[in-house]
Amino acid sequence: MTQSTELGVFKAVLGDLSLLMNNPNAAVALGVSGAVFAIVMATIFKRSKPPQPANGFAERPEVAHRSGAQPTRAMPSVLTYDASGTAVSLDDVKTAAREPAPIRIHRGEDQWPEPTPEEVEAFFEENAVSGIYLLRQWPDGPMSKTSYLGGRPTLPPNISWPRNRRTGLPLHFLAQINCAELPELFDGPELPEKGTLFFFADISEQMRWKDNYGRQDDTRVLYTGEDVTDLPETEFPSDLPDIGHEEGRADGGFGEPGRKSFVKWPVEGRIVDTIPWDWSRSRDQVSPKLVEHARELANREIVALIPDAPEAPGAKELVKVIKAESRETIAGYSTDEQIDFLPDGLGGRFPYSGMAAQIVLKTFLSEAEARYESLILRRDSYSRGKNRGKVPELAYLEGYMPTTRGLINALNAIEPYEPLTANLSEAFDLWLKVEVQSGFVDAWTMVERLHIALRHIARLAISDEDLRATLPDGFMDQFRRDLQPSPNDAEHMVGGPKSFKGAPTNGEGVKLLQLDSDYALDFMFGEYGIADFWIEEEDLEALRFENAYGATSVQ
């Protein structure tokens, strides 16, 4: 096409510009003409692209010259993506041009063949890393007195309770491990043959350890070579902050006021083989299916350590729900759903002891207080406080909560492990009867609240022999299935691979201890639920545990 021909097309498309601008519809016409012009000019000057090979990679310049095509002046930094979504860059192409080996294309999971059992076993044997799984013990056999999670430590008199070096507040106690009770790891950290390790950390609202400040500011590991078997548990410091407290304060945040510690649970060490999690991030050609099957083998080792526990009705044995033929009125409230309380449902006489009764009362009171705050906010938001007397549940809670607190205070007059006196037992039964038949608590909620309270009694009784002695036979078994750990959950480990879980903390050196989120102990660490404690190898050899530090997976 000649220059004059191109100019003619240009004029044909636009016409007389001055005439167009005088037209009332000039704006619309000009826009349409411009679009048409752009399409025509793109068609005129369109150049054909050099042929592309089927694999999606451009030819190297010297190959392009031989085939008659001209090399391009600029190439994109990312040429294509492989089947797994990994970018193949220009550097990859240049490397392939210099070396005879082809570019490795990563295959997606669905492109890998199913591995044979022999391949899985061989991969497992080659890549498994041993660790010491801290199995939570059950009180149907001997239990450790010096290795446990939660509770209070047995610090020697010459060791002070550690404090946060920034805020000065005491740290929370997490775990105590008697090294003499641990089995020997042949491919793990060389721990002391005797002595006890104590692990502390600041369980604040944010819980961002390691990177924000100095490594040992928010966490601490203490060690003693002394025998602590006969030492008493160390009392909590008076200024120990609430768990989940606001940063720099002893309270606030999302913490429960007054909760300073975790449930104590004795543990014993068992050697297990684990598969590192970071295979999924590897650039090597490793089949994801192979890794997944290897993890299943590792999980079987942990499953074999956990006794199977049958399901049990638990709190349902204490409540019987029937539909009454007529509405019954009690304490000014009526309902046609009759919830009978069976104090002998689990054997013995519920609530068994003063401590157990207080746990039940505090569980119900906590729910009532939360419900009351919710109703107050709703009332103030929608009615601006004008209908206070017109909300029956609010009026009920305003009488219920002081009564419950008064009963809790009355129970303080008896020994925790003593049964209730006749008067207290009658008052407790009346309190519970009013609650279940008030009309504001349905049967499902009633059973759920009782189950939470009874399960907490069972948790405390794990390490409290005196409390356990007050409970009826078979009580603990009612909650064993609820409380026992399971694979991929509540996996506490000494040693093992650096990245055993899906959100590793990426610490440096040797991993001393991994603590997992565990609702049976009320453990919850950061956004992903993992807390690891690390130490450099030379510090471990020299027993310089003051240089160890903790890290969470929120960094």
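All values reported here derive from a predicted model rather than from experimental measurement.

**What about the packing of aromatic side chains?**
Piece 1. Taken as a whole, this structure holds 17 aromatic pairs when the rule is applied.
Piece 2. When the centroid spacing of 5.9 Å and the interplanar angle of 75° are considered together, the rings of Trp161 and Phe236 count as edge-to-face. Residue Trp161 is found in the loop between strand E4 (148–149) and strand E5 (172–178), and its partner Phe236 is found in the loop between strand E7 (219–224) and strand E8 (265–274); the two are separated by 75 residues along the sequence.
Piece 3. Here Phe236 falls in the partly exposed class, since its relative accessible area comes to 29%.
Piece 4. Judged by centre distance (5.2 Å) and plane angle (35°), the rings of Tyr223 and Phe545 are tilted. You can see Tyr223 sitting in strand E7 and its partner Phe545 sitting in the loop between helix H14 (537–541) and strand E14 (549–552), a full 322 residues away along the chain.
Piece 5. By relative accessible area, Tyr223 is classed as partly exposed at 22%.
Piece 6. With relative accessibility at 2%, the residue Phe545 sits in the buried group.
Piece 7. Sitting above the plane of the Trp265 ring, Arg136 keeps its charged end 4.5 Å from the centroid.
Piece 8. Here Lys264 stacks its cationic end above the ring of Tyr148, 4.3 Å away from the centre of that ring.

**Some words on helix H9 (residues 392–411)**
Piece 1. The terminal C-alpha atoms of H9 lie 29 Å apart, and with 20 residues this matches the ideal 28 Å at 1.5 Å per residue to within 8%.
Piece 2. Among all positions of H9, only Glu393, Leu394, Tyr396, Leu397, Tyr400, Met401, Thr404, Leu407, Ile408 and Leu411 are buried. Down the axis of H9, the sector holding all buried residues measures 145°, keeping them to one side.

**Points about the confidence of the model for the protein**
Piece 1. Residues with a pLDDT of 70 or more make up 72% of the protein, whose mean pLDDT is 78.
Piece 2. By mean pLDDT, helix H4 (residues 61–66) is the weakest element of the protein at 40, and E4 is the strongest at 98.
Piece 3. Within the model, pLDDT remains below 50 along residues 24–33, and this stretch shows 8 contacts once partners closer than five positions in the same chain are excluded.
Piece 4. Here residues 100–105 scores under 50 on pLDDT; set against residues more than four positions off or in separate chains, the count is 14 contacts.

**Remarks on the sheet that holds strand E3 (residues 129–136)**
Piece 1. With antiparallel pairing, the 10 strands of this open sheet are ordered in space as E7-E6-E5-E4-E8-E3-E11-E12-E13-E14. The outermost strands of the open sheet, each flanked by one partner alone, are E7 and E14.
Piece 2. Running at roughly 150° to E8, helix H7 (residues 288–305) makes contact with E3 and E8 of the sheet.

**Re the side chain of Ser425**
Piece 1. Take Ser425: it is sitting in helix H10 (residues 422–436).
Piece 2. Judged by relative accessible area, Ser425 falls into the buried class, the value being 15%.
Piece 3. Discounting residues that sit within four places of it in the chain, Ser425 has contacts with Arg349 and Leu420.

Rules and cut-offs
Residues numbered from 1 in each chain as written. Predicted model: local features only at pLDDT ≥ 70, side-chain atom pairs only at ≥ 80, totals over all residues. Heavy atoms only, no water. Phe/Tyr/Trp six-rings, centres within 6.5 Å; stacked < 30°, edge-to-face > 60°. Helix = DSSP H or I, 4+ residues; strand = E, 2+ residues; numbered from the N terminus. Buried < 20%, exposed > 50% of the residue type's maximum accessible area, 1.4 Å probe, protein only. Lys NZ or Arg CZ within 6 Å of the ring centre and 35° of its normal. Expected span 1.5 Å × (residues − 1). Arc of directions from axis to C-beta. pLDDT = per-residue confidence, 0-100. Contact = heavy atoms within 4.5 Å. Pairing = 2+ DSSP bridges. Axes fitted to C-alpha atoms, helices over the stretch in contact; angles between N-to-C directions.

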